[in-house]
Protein chains: 2
Amino acid sequence: MGLRVLDDTEVRARLDARTATEAVRRALLAHHAGTLAAPARVRAPLGGGDLVVTAGRLREQGLFGFRAYDTLVDAEQLVAVWDETGQLRLVVHGEELGPRRTGAIGAVALDAMARPGALRLGLVGAGVQAWTQLWAVSAVRAVTEVAVWSRRRERAEGFARRAGEQLGVTVRVVERAEQAVRERDAVIVATKSTTPVVASEWLAPGTHLSTVGPKGPEAHEVPVELVERAEVLVTDSLAQAAGSLFPAGRLVELGAVLAGAAPGRTHADQISVFCSVGLAGTEVAVAAALVG
Amino acid sequence: MGLRVLDDTEVRARLDARTATEAVRRALLAHHAGTLAAPARVRAPLGGGDLVVTAGRLREQGLFGFRAYDTLVDAEQLVAVWDETGQLRLVVHGEELGPRRTGAIGAVALDAMARPGALRLGLVGAGVQAWTQLWAVSAVRAVTEVAVWSRRRERAEGFARRAGEQLGVTVRVVERAEQAVRERDAVIVATKSTTPVVASEWLAPGTHLSTVGPKGPEAHEVPVELVERAEVLVTDSLAQAAGSLFPAGRLVELGAVLAGAAPGRTHADQISVFCSVGLAGTEVAVAAALVG
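Counting from 1, residues in each chain are numbered in the order their sequence is written. All chains are assigned letters beginning at A, and all ligands numbers beginning at 1, according to the order in which they are written. Reporting in this predicted model follows two pLDDT cut-offs: at least 70 for local features of residues, and 80 or more for side-chain atom pairs to be given and counted; totals over whole chains, interfaces and linings ignore these cut-offs and use all residues. With hydrogens and water stripped out, all remaining heavy atoms of the structure feed into the side-chain values.

With an unreviewed UniProt entry as reference, chain A is termed Ornithine cyclodeaminase family protein, source organism Streptomyces orinoci.

Have a look at this one:
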């Protein structure tokens, strides 16, 4: 087999949400089992920005590779996958794979952490990250009463239209973020905001919330009060979540929850929060799943 | 323009030595001028081996990228080049580009450091690295009386045959390394030996020598006595040569010599030694030259 090269058009055509979530679930379990090597990201300074590489090795599948991106010009991302004979098998370039991978992680987390059954879902943010979360969630759970809020209403309207057309999901545009959060089973916050866009008191008991955007101690899209209030705090990578708003001592790894080695939600009234950091190596796993 | 993907067959067909040496010369000058960002290589541990990335940014050409290779299974290398609009322009994969880049660096160094005129050349080692040195040198200088020695005579014979066929260069196989070193204008040592394969006293005054293989303080293919004896010591990257057998205080950077900012050879009787470390970013420069 030679090298396969896939661009965004091919990723859109070939990557379905079920494949992506299954690849991510397997990678999260492998990480817990110690068969996914996912070292900390490495950076090469290029003057005015860095080249950033997140590498991973999937021992079970006999594959390794990386995702490379830059902070210079926000260039096309590159994911490369080798097999363990040393042959370069796959190059995926463009913008599509990364957010879909993140969406798949969020969906696996939501499926494991939210209460069972169909979901009343709220989306805070209507950008590409919010989109891929809905894309992936709708593949693992039945969703009902989806509400979306964006600082720019026309973006939310475009999001709702696209959800109907492409996912067959009815999405209602709401006027205030609060309306996307109150009386929901699950809330996805996916903004670029560095100050909280939701309030802890808006969440009903039992709600699951996922934060995809900024989560640093100084810059974060969800409030500290929510982290303090939540009884279940999970992340896809403890190592990568280090130094975030989330206290390390309270965080549990998603792979451990999936493996049954750590508790996730134990009660229907608990608030659960997923801190999404993008476990390294999952891009390689999703890319590999594209070519079977 | 879309993405170009080139494999070894295409590199062999498209990359001529003149193009490679000119690309490398320009990159070395850019490095001296401060317009080539070439940070230290970065490594991501994957368990049992590392993924290694050497990145570079060529500001004059508006390009950046990297070479990635691994120490796990000695896999195909990958060179990726983006332009500064963020478009991924080029992916080169396989085994050919890296050694040709190294050969081109050696040729530019030899051309700048050896005495003027046609060269009596000696090659110690007959592997791929020795081959690409001869390939590149024969594009920048007339070579006469080329001798090659290898620990395995059949490799040297194959090398000589290929040189005649592909480069039109007559190469004589010699029985002992010494015969490839005595009475030469230039000697290229390109082995994997971790102990010296040449002796300092074999070199006539005025000889230029290049060491491509191991050059650590403990493991090195040329003897410490040669480094002590040489009056001119040059490397393609002071940063990357740090910690080698070569004393930092005596090394001069090749880009500075090419720019006329540092002396190279100042006398016909000087022994000069080139410590080849593979300046980061030069792979990107050679790859970019492939597509013009």
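Overview of the interface of chain B and chain A
Reports of interface size often rely on the accessible area that becomes lost once the parts have come together. Put simply, the rule reads: Any two residues whose heavy atoms approach within 4.5 Å at even a single point are treated as in contact. Put simply, buried area is how much 1.4 Å-probe accessible surface two parts lose in total, over both of them, once they are put together. Definition used for salt bridges: Asp or Glu carboxyl oxygen within 4 Å of a side-chain nitrogen of Lys or Arg. N or O atoms within 3.5 Å of each other form a polar contact, as long as, within protein, one can give a hydrogen and the other can take it, and as long as residues adjacent in sequence are counted only when both atoms are side-chain atoms. Helical segments are the DSSP runs of H or I of at least four residues, strand segments are the runs of E of at least two, and each set is numbered from the N terminus.
The interface of chain B with chain A comprises 33 residues on the first partner and 34 residues on the second. Between chain B and chain A, a total of about 2,700 Å² is buried, with carbon and sulfur atoms accounting for 78% of that surface. At the boundary of chain B with chain A, the tally comes to zero salt bridges. If you look at where chain B meets chain A, you find 10 residue pairs in polar contact (both at pLDDT 80 or more). Where the side of chain B that touches chain A is concerned, the elements lending two or more residues are β3 (42-45), β4 (50-58), β5 (63-70), β6 (77-83) and β7 (88-94) of chain B.

Looking at the sheet that holds strand β10 (residues 171-173) of chain B
Paired through backbone hydrogen bonds, the strands of a sheet run either parallel or antiparallel to each other. Residue and element names in this part refer to chain B. Note the following rule: If DSSP finds at least two bridges between two strands, the strands pair.
Reading across from one edge, β10-β9-β8-β11-β12-β15-β13-β14 is the order of the eight strands in this open sheet, with parallel pairing throughout. Sheet topology places β10 and β14 (252-253) at the edges, where each strand pairs with a single neighbour. Pairing geometry for strand β8 (residues 119-124) and strand β9 (residues 143-149), over five bridges, is parallel. Bridge pairing in β9 places V124 opposite W149.

Quick look at the side chain of B:D83
Residues and elements named next belong to chain B. If you trace the backbone, D83 turns up in strand β6. Among the polar contacts made by the side chain of D83, one reaches the side chain of T85 at a distance of 2.6 Å. In this view, D83 contacts G62, L63, F64 and R89; residues no more than four positions away in its chain are not counted.

Concerning the relation of the copies chain B and chain A
There are two copies of the chain, and a rotation about an axis plus a shift along that axis relates them. Put simply, the rule reads: We superpose the copies by least squares over the C-alpha atoms of residues that have a pLDDT of at least 70 in both of them.
With an axial shift of 0.0 Å and an RMSD of 0.0 Å, the rotation relating chain B to chain A amounts to 180 degrees. The operation mapping one copy onto its partner corresponds to a two-fold rotation axis. Closest to the rotation axis within chain B is the C-alpha of B:V42, separated from it by 3.3 Å. Both copies present the same face, since 100% of the interface residues in chain B are matched by interface residues at the equivalent positions in chain A.

A few points about the sheet that holds strand β15 (residues 272-275) of chain A
Residues and elements named next belong to chain A. The criterion, for reference: Note on geometry: axes are C-alpha line fits, over the in-contact stretch for helices, and angles between N-to-C directions span 0 to 180 degrees.
Ordered by their spatial adjacency, eight strands build an open sheet running β10-β9-β8-β11-β12-β15-β13-β14, and the pairing between neighbours is parallel. The open sheet is flanked by β10 (171-173) and β14 (251-253), the only strands paired with a single partner. Ignoring which end each strand starts from, the neighbouring axes of this sheet average 25 degrees apart. Sheet topology note: the strand β12 (residues 208-211)/β15 ladder contains four bridges and is parallel.

Comments concerning the domain arrangement of chain A
Residue and element names in this part refer to chain A. As a reminder, the rule being used: Note that the domain bounds were set by an automatic or database domain assignment.
Entries for chain A in the domain assignment read domain 1 (4-98 + 281-290) and domain 2 (99-275). Centre-to-centre, using C-alpha coordinates, domain 1 lies 23 Å away from domain 2. At the interface, 23 residues of domain 1 touch 22 residues of domain 2. Both faces combined, the contact of domain 1 with domain 2 buries some 1,900 Å², and carbon together with sulfur accounts for 62% of it. Applying the counting rule to domain 1 against domain 2 returns three salt bridges. Where D111 meets R25, a salt bridge forms, and the shortest distance between an N and an O atom there is 3.7 Å. Across the domain 1-domain 2 interface, the total number found is nine residue pairs in polar contact (both at pLDDT 80 or more).

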